[in-house]
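Topology and contacts: notes
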Amino acid sequence: MERLALRILAGLALGAIGAAALGPTAMELRWLMEPVGAIFMRLLLCLVLPLAISALVLAVAELRPGTLLGTGWRLLALTLGLTSIAVAIGITLVQLVRPGEGIDRSTLPADGKVTPATTDAVQAVIDIFPANPFLAATDRNMVPILVFAVLAGLALRRTETPAARRLQEGVQGVFDVCAAGVGMVMTLAPLGVGALAWMAVAKGGLEALLPVGRFALVAGVALGLQALVVYPVALRLLSNAKPLAFFRAVRPALAMAFATASSAATLPTTLRVADEGLRVPRETGRFILTVGASANQNGTALYEGVAILFICQLYGVDLTLPQQALVAGVSVLAGVGTAGVPAASIPVIAAVVGSFGVPAEAVAVLVGVDRLLDMCRTTVNVAGDLVIARIVGGERDEE
Ligand code: ASP
């Protein structure tokens, strides 16, 4: 595992340095790098859905009675707690620095014009529950299909027929086979990750950062505070883990998250480092990490809060304190609802700024910097999942 992690990091560095060294000509290798990166992502993602569903069904079916409810509550409390802290850090910084002010509005999408609009929060709550699991399985948003998996796991644990036990074994088989498949795909990770890094640098480059540089800096610093201050403090206060040892053990997952900008694609690695590196009890780890990969997205929530306020500042929409609190609340919930795939935040931000009357096309100003910040926020998302898994699950004593 250590060797693969090192090779992934080497791939990441080589891809980025190679593309940076070539400058604009790096784009000429797009015909090679884009398919290699994209196919690697697809190979991983196509295994993630059955892996996540089987992991969650099994975790719910196998967690000891009593543990399940306790684990669920603690996961919920920590998710809301850590996400709220993240959003508070982001919103405070963006309101202090105000990176959106002082830019010529006529250069903005839709000429900086503002028209009132509304969003439907009630419908968003209803949509967490799928009417048809097969349709839900085809959606980018994993939350409804995970709700289905929890339901199936609950029903499985209370069905005491021989057929139900065989089904449970079958689900374990699905999980084992997907895990083996992921192992195969991961041997290609150094290559795939290198190609992804190459394309990220070739497309964005450092120049893409300049126009919204202050915004990117605020988001980056806020994400750094969450990862390097809040998580170590949480681990110290709420578990017996040593933060340094924790971060050393989870490095492969952080490298994957950074390279792929997708919590979902990182899930197999996250499950493995929790099991092998942190030695979190398996059922608890599977439960927390599969739910967390979709629902506990501290970095995403932070970023969405910062981006929404930044765009409102750009468009001169002055939010009152209650409105800022509303943005904070929406960001916490949006962090739960945002899919774990690259750039999933962008449509969410568009919808929210739309409800303040800012044209949804305003998100275009973020696009140049989005990939790099996506890589950073996804790393924070995955670190947050592992922090919660370690706090709630503790450490196995055997082995
Ligand atoms: N890329 C993020 C993730 O997978 C989601 C987002 O913020 O766009 O965790």
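To start, this report covers the structure provided alongside it.

Calculation rules
- Residues numbered from 1 in each chain as written.
- Predicted model: local features only at pLDDT ≥ 70, side-chain atom pairs only at ≥ 80, totals over all residues.
- Heavy atoms only, no water.
- 1 Å grid on protein atoms, 1.4 Å probe; cavity = no way out; pocket = protein on both sides within 12 Å on 5 of 7 lines; lining within 4 Å.
- Points joined across faces, edges and corners; volume = space filled by probe spheres on them.
- Nonpolar A, V, L, I, M, F, W, Y, C, P; charged D, E, K, R; others polar.
- Helix = DSSP H or I, 4+ residues; strand = E, 2+ residues; numbered from the N terminus.
- Core = buried A, V, L, I, M, F, W, Y, C linked by side-chain atoms within 4.5 Å.
- Buried < 20%, exposed > 50% of the residue type's maximum accessible area, 1.4 Å probe, protein only.
- Contact = heavy atoms within 4.5 Å.
- Expected span 1.5 Å × (residues − 1).
- Bend = angle between axes of the 7 residues up to and from the residue.
- Near = heavy atom within 4 Å.
- Polar contact = N/O pair within 3.5 Å; in protein donor to acceptor, adjacent residues only side chain to side chain.
- Areas by Shrake-Rupley, 256 points an atom, 1.4 Å probe, with all protein chains shown as cover.
- Sits in = over half its atoms within 2 Å of the grid points.
- Patch = residues over 30% accessible without salt bridge, like charges linked within 9 Å, V, L, I, M, F, W, Y side chains within 5 Å.
- Salt bridge = Lys/Arg side-chain N within 4 Å of Asp/Glu carboxyl O.
- Axes fitted to C-alpha atoms, helices over the stretch in contact; angles between N-to-C directions.
- Parallel < 35°, antiparallel > 145°, perpendicular 65-115°, else oblique.
- Left-handed = near helix turned anticlockwise from the far one by under 90°.

A few words on empty space enclosed by the protein. Summed over the entire model, instances satisfying the criterion amount to two cavities of 30 Å³ or more. Each pocket or cavity is described by its volume, and for the largest cavity that value is around 70 Å³. If you trace the largest cavity, you find 16 residues lining it, with Thr300, Ala339, Val341, Asp374 and Thr378 closest to the centre. When grouped by side-chain class, the residues that make up the lining of the largest cavity number five nonpolar, nine polar and two charged. Of the voids in this model, the second largest cavity is the one considered here, and its volume is about 30 Å³. Lining the second largest cavity are Val48, Met142, Ala264, Leu267, Thr290, Ala293, Ser294 and Gly340. Mapped onto the lining of the second largest cavity, the elements with two or more residues apiece are helix H11 (263-277) and helix H12 (282-295).

Phe215, Phe287, Ile311, Ile349, Leu366 and Leu386 are the most contacted members of the largest nonpolar core, which totals 101 residues. At 12 residues, helix H16 (residues 364-393) tops the list of elements feeding residues into this core. Excluding anything up to four places from it in sequence, Leu366 contacts Phe215, Tyr303, Ala307, Phe310, Ile311, Ile346 and Ile349. Judged by nonpolar contacts, the second largest core, of 18 residues, contains Leu44, Met186, Ala197 and Met256.

Next up on the list: helix H9 (residues 213-238). When the terminal C-alpha atoms of H9 are compared, their 36 Å separation across 26 residues agrees well with the 38 Å that a helix rising 1.5 Å per residue should span. The largest bend along H9 measures about 30° and falls at Val230, with the proline Pro232 one to four residues further on.

Now for the layout of surface pockets. Empty space among the atoms can be located by rolling a probe the size of a water molecule over them. In this structure, the largest pocket spans a volume of roughly 1900 Å³. Along its surface, the largest pocket is lined by 50 residues, and Ile128, Val143, Leu333, Val336 and Gly337 are the ones closest to its centre. If you list the elements that add at least two residues to the lining of the largest pocket, you get helix H2 (30-62), helix H3 (67-97), helix H4 (121-126), helix H6 (143-158), H12, helix H14 (321-337) and helix H15 (345-355). Looking at the lining of the largest pocket, the element that brings in the most residues is H3, giving eight residues. The residue inventory of the lining of the largest pocket, partitioned by class, reads 36 nonpolar, 10 polar and four charged.

This next bit is on the site of the ligand. The environment of the ligand is made up of 16 residues, and the closest members are Ser263, Thr300, Ser345, Asp374 and Arg377. Residue Ala261 places a main-chain N or O atom 2.9 Å away from a nitrogen atom belonging to the ligand. The separation between a nitrogen atom of the ligand and a polar main-chain atom of Val341 is 3.1 Å. Notes on the ligand: free accessible area 270 Å², of which the protein chains cover 100%. In this structure the site holding the ligand corresponds to the largest cavity. The element best represented in the shell around the ligand is H16, accounting for four residues. Of the residues that constitute the shell around the ligand, the class distribution is six nonpolar, eight polar and two charged.

What follows is about a nonpolar patch on the surface. A grouping of Leu217, Val221, Leu225, Leu228, Val229, Val233, Leu237 and Leu238 is seen on the molecular surface, where their side chains present a nonpolar patch of about 770 Å² in accessible area. Looking at where Val233 falls in the secondary structure, it is placed in helix H9.

Relative to each other, H9 and helix H10 (residues 243-260) sit at 115°, their axes nearing to 9 Å. Overall, the two elements H9 and H10 adopt an arrangement that is roughly perpendicular. The interaxial crossing formed by H9 with H10 has right-handed handedness. For the pair H9 and H10, contact is made by Ala227, Tyr231, Pro232, Leu235 and Arg236 and by Pro243, Phe246 and Phe247, respectively. Tallied by class, the residues present in the contact of H9 with H10 amount to seven nonpolar, no polar and one charged.

This paragraph deals with the environment of Thr67. Summarising the element assignment, Thr67 is placed in helix H3. Overall, Thr67 belongs to the partly exposed group, its relative accessible area being 25%.

This next bit is on the pattern of salt bridges. Counted by the stated rule, this structure contains eight salt bridges. Linking Arg377 and Asp374 is a salt bridge whose minimum nitrogen-to-oxygen distance equals 3.3 Å. Of this pair, Arg377 and Asp374 both sit in helix H16, three residues apart, which is roughly one turn of that helix. Accessibility assignment for this pair places Arg377 and Asp374 in one class, buried. Close ionic contact of Glu395 with Arg390 constitutes a salt bridge, the shortest N to O distance being 3.7 Å. Residues joined in a network through salt bridges with shared partners are Asp275, Arg282 and Arg396.

Locating Ser345 in the fold gives a position in helix H15. In contact with Ser345, other than residues within four places in its own chain, are Thr300, Tyr303, Glu304, Thr338 and Arg377.

Our focus in this paragraph is the packing of H3 against helix H13 (residues 298-314). Contact pair H3 / H13: the axes reach a minimum separation of 8 Å and the direction vectors enclose 30°. Our classification of the angle between H3 and H13 gives roughly parallel. Here H3 runs over H13; the crossing is right-handed. Contacts between H3 and H13 pair Thr79, Leu82, Thr83, Ala86, Val87, Gly90, Ile91, Val94 and Gln95 from the former with Asn298, Ala301, Leu302, Gly305, Val306, Leu309, Phe310 and Gln313 from the latter.

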